Every structure is written in structure tokens, then in C-alpha cells.
Amino acid sequence: MKKWMEGAALLAAIAAGTTAGTTAYFYNRTMKRNNAKVERTMKMAGTDWNQHMPFIEERKEFMLAQPHEDVYIESDDGLKLHGTWFPQTGKKAVICFHGYTSKGMSDYIGLSGYYLKHGYAMLLVDERAHGESEGKYIGFGCLDRYDALEWIRWVTDKAGEDVQILLHGTSMGASTVLMTSGLHLPEQVKGIVSDCAFTSPKYVFTHVLHSMYHLPAFPMIPISDAVNQRKAGYGLDECNAAREVKKARVPILFIHGDADTFVPCSMCDEIYENCAPPKMKLIIEGAAHAESYYKDPAAYEKALDEFTEGLFQ
């Protein structure tokens, strides 16, 4: 009996060690800047970007030909954050937030053709721990929402108190703008566009563990949550887009692809149902993760036109 109990204890210790090691592996490659790779994210998302490259290259040439400059601010916790500013003479501006492991100048190449031609100044933000912005741990919207408030203040100072601002986010950036919606927003913010947002890091990580690695959420998610609270300063469900939109006060346009396997369309439905202010929803048939604009630019731009009609004075 004693030997059996010693053997069971040994197996339990090995299992615990394996779980801890596996959790540390996934945590470090997901949350830490130097380990989170854009190539791995693109592979996991499964979107075939090669088919859209001619369109992307054409829009990129147009975007880079427009006047633009690097700009910097400091976050509340002392990080130097970077953005790229495309000025316009009018009073409309859009602040754009990119997806996980990407950067501002990558995710809005396509939409630059829409926004710049419609007279919007554009601020393409590098979120913390991405691009040229400082930061060791990725914020997944939970921290970036406070950075968003600083960027809104920067645009207001730059363009004037009468500027009218739209927030647009893609994937992690979409979760960022939705999480920001629950904060007290300056009156200059008139609306929010969310493209393929997740509810919270906890639930998108759970989905990825189940769908791509066939692993249970327990105990990896609770362990990661405790580690992240200690190292990055926030819990994985501390801020949840589906909860924050209940407190929102500006209209929100939700966009998602029904073929998105990385962030399931059901998350869009959940957030949309919880959204308190006026709202619109566009589901693009056959669009994978972050592909909606490239899959059907006409439908996407029509939704933007309808959403922003009457939004600006």
C-alpha cells in the first residue's frame, strides 16, 4: 500500500511538472513580446493572404505616397508608444488599432484607400509590445484601452477640440476599442468599428487550446491568469468586451467573417447582443480571420458609409 501511494505521488508530481512546463511554454510564447511571432499567428489564423497581395500592394503604394509622420506618446505606466499620423485638412479622424503580433502600418493598408479618400486623418497605432512601441508583455486590449485614451487626447490636441474621431480595431485591436468603449470617452469620439474582436484573452485562449491543440483549459488558463496578474499586471478576464459594451455610449459597428476559425463568429454575436448603444452588424460570408475587407470590400465600405452617415456634424 505504501509503495502504491509513493508511486501515485510520483505520477502526480510528474503530471504537475508536465502541466507547469506546458503552461510556461504556451504563456511565454503568447504573452511575451520577443516570443510572439507574426508568422506563427498567421499560420494559426489560417487566412490565405497570397490571393489578396495584388490589391494590398496597390493600396500600399497609394498609402505610402501620402504625407505621414512618426509620432510618440507616453503611456500611464511610462512606456514610449509609437504611431504613424496621416494628416488631412478636414475635421474627421480615425484611430486604428491592429491585431496580435502585427503593427499599425500593416493592418490598415487596404482601408487606407477608404479612409484617406473620404477625408479622414488616420492615426495608425503600434499597440504596446508591438512595432516600435515599448513593452515586454502584450496587453490584449486590457491594458491597451488606457493607451487608447492617451491617443485620443493626442489627436484632439493635434487636430483641435472640434475634431470628430472614429475608433477602428481589427482582431486584438477590435477588442481594444470595444474594451475602451466602457470607459469615459471624450466627446470627440463619435463611433467605434470592431472587426473580428474576441471577448477576452481568457476565452480566445480557451478556444485556441480546444480547437488547435485539443487541450483542456484547466489548469493551464487559471495558472496563466495568476502568472499574468503577477508579471503583466492584469487578469485574463479582467476586462471583457462583452461586458464593456454594456456601458458604451457611442454607436458601434460590428464586422466578422463567418469562416473565422481563430476568433469564432459566435464571439461577435455575444458582444453584439450585449451592446447597449445603437449598433450595426455585418457578417461577411466566407471570410477568414481579419479577411472581411479583402473578401468583400464593397459590402465593407457600404457598411462604413451607412454607419457613419449622420455620425459627424
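Residues numbered from 1 in each chain as written. Predicted model: local features only at pLDDT ≥ 70, side-chain atom pairs only at ≥ 80, totals over all residues. Heavy atoms only, no water.

Enquirer: Can you walk me through the state of the cysteines in this structure?
Expert: Here, disulfide denotes a covalent bond that connects the sulfur atoms of two cysteines. Per the counting criterion, the structure on display carries 0 disulfides. There is no disulfide at Cys 96, and the cysteine sulfur nearest it, in Cys 196, is 14 Å away. Of all cysteine sulfurs in the structure, the one in Cys 268 sits closest to Cys 275, which takes part in no disulfide; the separation is 10 Å. Its relative accessible area of 5% is what places Cys 275 among the buried residues. (Disulfide = S-S within 2.5 Å. Buried < 20%, exposed > 50% of the residue type's maximum accessible area, 1.4 Å probe, protein only.)

Enquirer: Even after reading the chapter, I still don't get helix H13 (residues 297-308), so can you show me in this structure?
Expert: Two residues of an α-helix separated by three or four positions point the same way, owing to the 3.6 residues in each turn. If you check H13, its first and last C-alpha atoms are 16 Å apart, about what 12 residues at 1.5 Å a residue would give, namely 16 Å. Looking at H13, one finds that the buried residues are Tyr 300, Ala 303, Leu 304, Phe 307 and Thr 308. For H13, the angular spread of buried residues about the axis comes to 115°, placing them on one side. Opposite the buried face of H13, by more than 90 degrees, sit the exposed residues Ala 298 and Lys 302. Taken from the residues just after H13, Gly 310 is the one with a positive phi, measuring 85°. (Helix = DSSP H or I, 4+ residues; strand = E, 2+ residues; numbered from the N terminus. Expected span 1.5 Å × (residues − 1). Arc of directions from axis to C-beta.)

Enquirer: What am I meant to see in the sheet that holds strand E5 (residues 164-170) here?
Expert: Think of a sheet as strands paired side by side through backbone hydrogen bonds, with each pair either parallel or antiparallel. Spatially, the 8 strands line up as an open sheet ordered E1-E2-E4-E3-E5-E6-E7-E8, and their pairing is mixed. The open sheet has two edge strands, strand E1 (69-74) and strand E8 (279-284), and neither has a second partner. The average angle at which neighbouring strand axes cross in this sheet is 20°, direction not considered. By the bridge criterion, 4 bridges tie strand E6 (residues 189-195) to strand E7 (residues 252-257) in an arrangement that is parallel. Pairing of Ile 192 across the sheet is with Ile 252, part of E7. This element, helix H7 (residues 172-181), spans strand E3 (92-97), E5, E6 and E7 of the sheet and lies at about 135° to E5. (Pairing = 2+ DSSP bridges. Axes fitted to C-alpha atoms, helices over the stretch in contact; angles between N-to-C directions. Contact = heavy atoms within 4.5 Å.)

Enquirer: I would appreciate a short explanation of the nonpolar core in the present structure.
Expert: Soluble globular proteins tend to pack their nonpolar side chains together in the buried interior. Counting residues in hydrophobic clusters, the biggest one holds 40 residues, and the most contacted among them are Ile 95, Leu 123, Trp 151, Val 155, Leu 167 and Leu 178. Ranked by residue count, the leading element in this core is helix H6 (residues 144-159), at 7 residues. Excluding anything up to four places from it in sequence, Val 155 contacts Trp 85, Ala 93, Ile 95, Leu 123, Gly 160, Val 163 and Ile 165. Core analysis: the second largest hydrophobic core is formed by 29 residues, Ile 56, Ile 109, Leu 124 and Leu 304 among them. (Core = buried A, V, L, I, M, F, W, Y, C linked by side-chain atoms within 4.5 Å.)

Enquirer: Whenever I open this one, helix H9 (residues 220-231) confuses me. Can you help?
Expert: The first and last C-alpha atoms of H9 sit 16 Å apart over 12 residues, in line with the 16 Å expected at 1.5 Å per residue. Taken together, the buried positions of H9 are occupied by Met 220, Ile 221, Ser 224, Val 227 and Asn 228. Along the long axis of H9, the arc covered by the buried residues comes to 125°, so they all point the same way.

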